[in-house]
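Here is what each chain is made of, one letter per residue.
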Amino acid sequence: MKVTIVGCAGSFPGPDSPASCYLLEAEGFRLLLDFGSGSLGALQRHTGLYDVDAVCLSHLHADHCLDLCAYHVVRTYSPDGPLPKVPVHAPADASRRLNAAYAMPDEPVMERSFDFVRLQPGTRRIGPFEVVAAPMNHPVETYGFRVSHGGRSVAYSADTGESAELVTLARDVDLLLCEASFVEGPGERPDIHLTGRQAAEHAARAGARSLVLTHLVPWYDPERVLADAATGGYRGRTELARSGAVYDLG
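Owing to the predicted nature of the structure, the values given are computational and were not obtained by experimental measurement.

*Asks:* It is not clear to me how the overall build of the protein should be interpreted in this structure. Could you clarify?
*Replies:* Tallying secondary structure elements over the protein gives 7 helices and 14 strands in all. In summary, the protein has a C-alpha radius of gyration of 17 Å against a globular reference of 18 Å for 250 residues, a match within 12%. Expressed as lengths along the three principal axes of its C-alpha atoms, the size of the protein is roughly 55 × 40 × 30 Å. Counting only residues that meet the buried cut, the protein has 57% of its 250 residues in that class. In the structure as shown, the protein presents an accessible area of about 10200 Å², 51% of it carried by carbon and sulfur atoms. Averaging the locations of the 22 positively and 31 negatively charged side chains of the protein gives two centres separated by 4 Å.

*Asks:* Just checking my understanding: could you explain the sheet that holds strand β14 (residues 246-248) for this structure?
*Replies:* Strands in a sheet are paired, the pairing made by backbone hydrogen bonds, and the direction either parallel or antiparallel. Here 7 strands make up an open sheet; going across it, the order is β6-β5-β4-β3-β2-β1-β14 and the pairing mixed. Either end of the sheet is taken by a strand with one partner, and the two such strands are β6 (114-118) and β14. Adjacent strand axes in the sheet meet at a mean angle of 20 degrees when their direction is disregarded. Across 5 bridges, strand β2 (residues 21-26) lies against strand β3 (residues 29-33) in antiparallel orientation. Within β3, the residue paired with leucine 23 across the bridge is leucine 32. Across the sheet, helix α3 (residues 67-76) is in contact with β5 (86-90) and β6; its angle to β6 comes to roughly 145 degrees.

*Asks:* What should I look at first to understand the packing of α3 against helix α4 (residues 94-102) in this one?
*Replies:* Packed helix pairs are specified by the crossing angle of their axes together with the interaxial distance, meaning the distance between the axes. Taken N-terminus to C-terminus, the directions of α3 and α4 make an angle of 75 degrees; their axes are 9 Å apart at the nearest point. It follows that α3 is roughly perpendicular to α4 by the angle criterion. Residues Leu68, Cys69, His72 and Val73 of α3 lie in contact with α4, whose contacting residues are Leu98, Ala101 and Tyr102.

*Asks:* Sorry if this is basic, but what is going on with the pattern of salt bridges here?
*Replies:* Once their charged atoms are close, side chains differing in charge can pair, the charge on each being opposite to the other. Scanning all chains against the criterion turns up 10 salt bridges. Lysine 2 is paired through a salt bridge with glutamate 25; the nearest N and O atoms lie 3.7 Å apart. A residue pair is termed long-range when its members are at least 10 positions apart, and lysine 2 in strand β1 (residues 2-7) and glutamate 25 in strand β2 qualify at 23 residues. For glutamate 25, a relative accessible area of 16% puts it in the buried group. The partner of aspartate 93 in a salt bridge is arginine 96, and the shortest N-O contact between them spans 2.7 Å. Taking relative accessible area as the criterion, aspartate 93 reaches 38% and is therefore assigned partly exposed.

*Asks:* What is the right way to look at the environment of tyrosine 156 in this model?
*Replies:* Here tyrosine 156 is to be found in strand β10 (residues 152-156). The buried category is assigned to tyrosine 156, whose relative accessible area is 2%. Spatially, the C-alpha atoms of tyrosine 156 and leucine 177 are 4.7 Å apart, while their sequence positions differ by 21 residues. Once residues within four sequence positions are removed from consideration, tyrosine 156 is found in contact with Ser20, Tyr22, Leu33, Asp34, Ser58, His64, Gly144, Phe145, Leu169 and Leu177.

How each quantity is defined
- Residues numbered from 1 in each chain as written.
- Predicted model: local features only at pLDDT ≥ 70, side-chain atom pairs only at ≥ 80, totals over all residues.
- Heavy atoms only, no water.
- Helix = DSSP H or I, 4+ residues; strand = E, 2+ residues; numbered from the N terminus.
- Rg over C-alpha atoms; globule rule 2.2 N^0.38 Å.
- Buried < 20%, exposed > 50% of the residue type's maximum accessible area, 1.4 Å probe, protein only.
- Areas by Shrake-Rupley, 256 points an atom, 1.4 Å probe, with all protein chains shown as cover.
- Lys, Arg positive; Asp, Glu negative; His and termini not counted.
- Charge placed at Lys NZ, Arg CZ, Asp CG, Glu CD.
- Pairing = 2+ DSSP bridges.
- Axes fitted to C-alpha atoms, helices over the stretch in contact; angles between N-to-C directions.
- Contact = heavy atoms within 4.5 Å.
- Parallel < 35°, antiparallel > 145°, perpendicular 65-115°, else oblique.
- Salt bridge = Lys/Arg side-chain N within 4 Å of Asp/Glu carboxyl O.

Laid out in C-alpha cells, this is it:
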C-alpha cells in the first residue's frame, strides 16, 4: 500500500499545499480520502486525471470536499465523453450539498459522475482495501478512516477534537495521519480540532508506529506545531505533512 499526501493544508489552501486530500494505492486501485479545495490540480502530479477509482469524504466542509465539483466537470466533459461513475462514500446529504456548491443551472447533476454511498460507522470493502469508518469529535457529521491492505494499515483522523474513537481507530497502525490544526495557548476551543501535543497523545495511546501531523493551518508556523507534538509523550517517528510526500507501507 502506498500513501501520497496530495494536500495537507487546514481550513483553506496554503502557498505550499492544497487542502486535505490523500491518495492510497494498492493492486492498481486508487482511493482518495477527501478532495479538498485546490487538490485536483496537485493530484495530477501523482495519478492520471481519469484514474480515481473511489473517494471517501470525511465530512462536508469545503476544505475536505469541494474539488469533487471540479472533478465532476472532468468526468462529465472529457474529450471522449462522460466517464463511468465513481463511488463516493460520504456523510448524509452529500449529494444535495455538493450539487448546491456546483450550482450550474441546466447542467448535469453530480449524480451523473458519482454514485453517492452513505457513510456509517463500521467496516466496508472498497476495491482491495478494508475501510473502517468511525465518528470523530467535530461540529458536523465527520468520520475518521482506517484503511488496511496486505497486513499494513493507515489511520486518518479527518477533523476532530479529543476522541477516544480516534485512539481505537488508530490502534497499532503503521501510519497515523492526524490533524494538528491548533497551537498550544490560551483560548483553545474544545471539540473542534487538536493541537500538536494532543495529536501526539492520541498516537501514544493508540500505539501508532509513526505519526504525520496534518491539516496544518497556513496562519500558524508548522514548526511550532511540531514543537508542541514533542511534549505529547509519543516516542515514535513524528513529522509534518508535506504535499507530495509518499509513504510506501509495503
